[in-house]
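Chain and residue survey
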Number of protein chains: 2
Amino acid sequence: LSDVGEHGWIRGLVRRAGKASGALIVGPGDDAAALRAPRGTVLLTTDTLVEGVHFRREWLSPRALGRRAFRVNASDVAAMGGRPWAVLLAIEAPASLPVATLDGIVDGVARDARAAGAVLAGGNLARAERLAIAVALVGVAGRTIVRRAGACVGDVLAVTGPLGAMGAAVRARLAGRAVRLPDVPCRWAVGERLAPFAHAMIDVSDGLVQDAGHLCRASGVGAEIDLAAVPVAAACRRALGADAARFAVGAGEDYELLVALRPRAVRAARRAALRHGVGLSIVGRVVPGAPRVRLRNPDGTVAVPSRSGFDHFRRWRASAR
Amino acid sequence: LSDVGEHGWIRGLVRRAGKASGALIVGPGDDAAALRAPRGTVLLTTDTLVEGVHFRREWLSPRALGRRAFRVNASDVAAMGGRPWAVLLAIEAPASLPVATLDGIVDGVARDARAAGAVLAGGNLARAERLAIAVALVGVAGRTIVRRAGACVGDVLAVTGPLGAMGAAVRARLAGRAVRLPDVPCRWAVGERLAPFAHAMIDVSDGLVQDAGHLCRASGVGAEIDLAAVPVAAACRRALGADAARFAVGAGEDYELLVALRPRAVRAARRAALRHGVGLSIVGRVVPGAPRVRLRNPDGTVAVPSRSGFDHFRRWRASAR
């Protein structure tokens, strides 16, 4: 990387981002990118992947890493009912990083952005000891903006796909098995379709129990999740057998959407999701009471799960002890 | 920091960012922030400060560090003739970082953003070994968008303030003297005023010689800079005496604007800048020929300076040898 230099890299970014969008007036390579402002409402989010914390370089190809950096952000925009519009990519990299790795990461971001109708508008490359990829995403909202707040008692809770695949893959990797990590799913098209039916929506990044908890706290309601109804990824079921569902609701990084909607809206929502090839699984319901998530076991007993899912600093603390 | 956790931090961000802007529909704390789209043209830029590379924690207060992270980005938007509009803040931090440090950084960003009429729309906190602050800035362009390309032979080159203060301060710090590092100046208001007069503009982040070189390459012209005409910061002059001007044109991180404009526009441009209390110093001219920067010495001799200014990866390489 030290052979290319920061400015050389930016020139490469210019070539790659190219004229991907009609909105782009000035692309990467100037002080800032310039784009014709979209109409309506813009959505802003940022998320960083840090080597050794969020990924290991030997687990993911550079392109898969770039895709991941883009999609974890796109997932946040999808959870508001919006679509990606423009991407900024800030990379920290050690000087020893092969240029091909950097190129792969940028390609992964640029291709996915293009496929989503968004443009890679700019980037920055800074020297650091560890590789880190910070993506800032500008999205445009659909007609309906869906928040975490808004879930009502009586709503059903549904997810857009099976859970636990990433958790199971990480578990296998940590046990030394070279399984492929699943890609983050692209849910922005379906998120926009679900938005008109949704009282509240969130993406499942920290694990279903924890993210349902965020939704409950924002909405001032409780939730009950039926373990038997949770769609579990095949790889997770194979790896964990009878414990699969319990593992899947605590595992993070599935990036499916969790949506709260009126029972009688389910049919139409399901039809809308299916138009994008996405199934909708009812996993529980919104209940009155404290903003807590309870798990209903297949035998009918109910338990409040202990803290689970991701919180980077708490995890760090737990593992440091 | 491990006592607060990521989600606790985000709750703090919500409190701090508050309802700073009329455009804000959904603030930090949801999956993404939502803002009413501005009219016209948006500007996008991102820049990261990495501990040990761009700053040392003992050299800057947390609040000064936050200001710096915001302003280096705001400077890029200013160089296009625009103003800050919305900010995303992605922090990587070790678990041992005191919460007060994090709070100070966020305060520094939030206050400066508010003062600039922008809103801190969202953020992300990730665990890492080193502190790093990635800011993504959305700006709105003024009536005229100014690029690096566009400088014409015959244009004069002018800067909005004295150079070398940061370079001299870093030099003193490296020599063990506890001098205060200067803040990055706020040039967005003056940048917008200068835009109608400017053929090309860039902010001086890598050093005058190198940034003038970027402007030359983008515009396909050469440039000549008069060393005797370069405004040198008082601290730099005190520290470097006769070498001050030569040091100042190679030192980075002054974040003044370098603008190319027709000689007969100088008077009006100067008046416009002075309305914001900013002087405009003519430091050279655009000349025909290869896109190279030549330095005219006070004795009339002309030299092409060797590569100078910042390029993080090349610098790393040079120092690693």
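Placed above this text is the structure.
Structural notes, computed from the coordinates. This structure is a prediction, so every number in the text was calculated from the model and none was measured. (Residues numbered from 1 in each chain as written. Chains lettered and ligands numbered in written order. Predicted model: local features only at pLDDT ≥ 70, side-chain atom pairs only at ≥ 80, totals over all residues. Heavy atoms only, no water.)

**Considerations on the overall build of chain A**
From N to C terminus, chain A includes 10 helices and 13 strands. The C-alpha atoms of chain A give 20 Å as radius of gyration, which agrees with the globular expectation for 321 residues (20 Å, within 12%). Summarising its shape, the C-alpha atoms of chain A cover approximately 65 × 50 × 30 Å along the three principal directions. Going through the 321 residues of chain A one by one, you find that 62% of them count as buried. Nonlocal contacts in chain A, meaning residues at least 24 apart in sequence, comprise 82% of its contacts between residues at least 6 apart. Entry remark: accessible area of chain A is about 12,200 Å², with carbon and sulfur atoms responsible for 49%. Both charge centroids of chain A, one from 45 positive and one from 27 negative side chains, sit 6 Å from each other. (Helix = DSSP H or I, 4+ residues; strand = E, 2+ residues; numbered from the N terminus. Rg over C-alpha atoms; globule rule 2.2 N^0.38 Å. Buried < 20%, exposed > 50% of the residue type's maximum accessible area, 1.4 Å probe, protein only. Contact = heavy atoms within 4.5 Å. Areas by Shrake-Rupley, 256 points an atom, 1.4 Å probe, with all protein chains shown as cover. Lys, Arg positive; Asp, Glu negative; His and termini not counted. Charge placed at Lys NZ, Arg CZ, Asp CG, Glu CD.)

**Examining the interface of chain B and chain A**
Opposite the 75 residues of chain B that make contact, chain A presents 74 residues. Of the roughly 6,100 Å² buried between chain B and chain A on both sides combined, carbon and sulfur atoms contribute 58%. Among the ionic pairs, B:Asp31 bridges to A:Arg148, the shortest N-O distance being 3.2 Å. Linking chain B to chain A there are 20 residue pairs in polar contact (both at pLDDT 80 or more). The element that contributes the greatest number of residues to the side of chain B that touches chain A is strand E3 (residues 41–50) of chain B, accounting for 9 residues. Of the residues contributing to the side of chain B that touches chain A, the split by class is 40 nonpolar, 15 polar and 20 charged. Sheet topology note: the strand E3 (residues 41–50) of chain A/strand E2 (residues 33–36) of chain B ladder contains 4 bridges and is antiparallel. Considered in E2(B), the bridge of A:Leu43 is made with B:Ala34. (Buried area = accessible area lost by both parts, 1.4 Å probe. Salt bridge = Lys/Arg side-chain N within 4 Å of Asp/Glu carboxyl O. Polar contact = N/O pair within 3.5 Å; in protein donor to acceptor, adjacent residues only side chain to side chain. Nonpolar A, V, L, I, M, F, W, Y, C, P; charged D, E, K, R; others polar. Pairing = 2+ DSSP bridges.)

**With respect to the layout of surface pockets**
Looking at the second largest pocket, its volume works out to about 890 Å³. If you go around the second largest pocket, you meet 45 residues; those closest to its centre are A:His7, A:Ile10, A:Gly29, A:Asp30 and B:Arg148. Every element with two or more residues in the lining of the second largest pocket is listed here: helix H1 (5–17) and strand E5 (119–127) of chain A together with E3, helix H2 (62–78), strand E8 (198–203) and helix H6 (208–219) of chain B. (1 Å grid on protein atoms, 1.4 Å probe; cavity = no way out; pocket = protein on both sides within 12 Å on 5 of 7 lines; lining within 4 Å. Points joined across faces, edges and corners; volume = space filled by probe spheres on them.)

**Remarks on the state of the cysteines**
Tallied over the full model, the rule gives 0 disulfides over all chains. Its sulfur unpaired, A:Cys152 is 12 Å from the next cysteine sulfur, which belongs to A:Cys216. (Disulfide = S-S within 2.5 Å.)

**As for the pairing of strand E4 (residues 82–93) of chain A**
Residue and element names in this part refer to chain A. Among the 12 residues of E4, 11 are classified as buried, and the element is accordingly described as predominantly covered. Sheet topology places E4 next to strand E6 (residues 132–141); 10 bridges connect them, and they run antiparallel. Directly across from Pro84, in E6, lies its bridge partner Gly139.

**Things to note about the sheet that holds strand E1 (residues 24–26) of chain A**
The sheet built from 6 strands is open, its strands ordered E1(A)-E2(A)-E3(B)-E6(B)-E4(B)-E5(B) with mixed pairing. If you trace the sheet from one side to the other, it starts and ends with E1 of chain A together with strand E5 (119–127) of chain B, each paired once. On average, each strand axis in the sheet is tilted by 25° relative to the strand beside it, whichever way the strands run. Across 9 bridges, E3(B) lies against strand E6 (residues 132–141) of chain B in antiparallel orientation. (Axes fitted to C-alpha atoms, helices over the stretch in contact; angles between N-to-C directions.)

**Overview of the packing of aromatic side chains**
All names here are of chain A. Summed over all chains, the structure comprises 2 aromatic pairs over all chains. Judged by centre distance (5.9 Å) and plane angle (80°), the ring pair of Phe70 and Trp188 falls under edge-to-face. Placement of the pair is Phe70 in helix H2 (residues 62–78) and Trp188 in helix H5 (residues 188–194), with a sequence separation of 118 residues. Its relative accessible area of 8% is what places Trp188 among the buried residues. (Phe/Tyr/Trp six-rings, centres within 6.5 Å; stacked < 30°, edge-to-face > 60°.)

**Considering unusual backbone geometry**
Within the chain, A:Glu253 stands out as a residue other than glycine whose phi angle is a positive 70°. The phi dihedral of B:Tyr255 is positive, around 60°, even though this residue is not glycine. Inspection of the secondary structure puts B:Tyr255 in the loop between helix H8 (244–250) and strand E10 (257–261). Judged by its relative accessible area of 7%, B:Tyr255 is buried.

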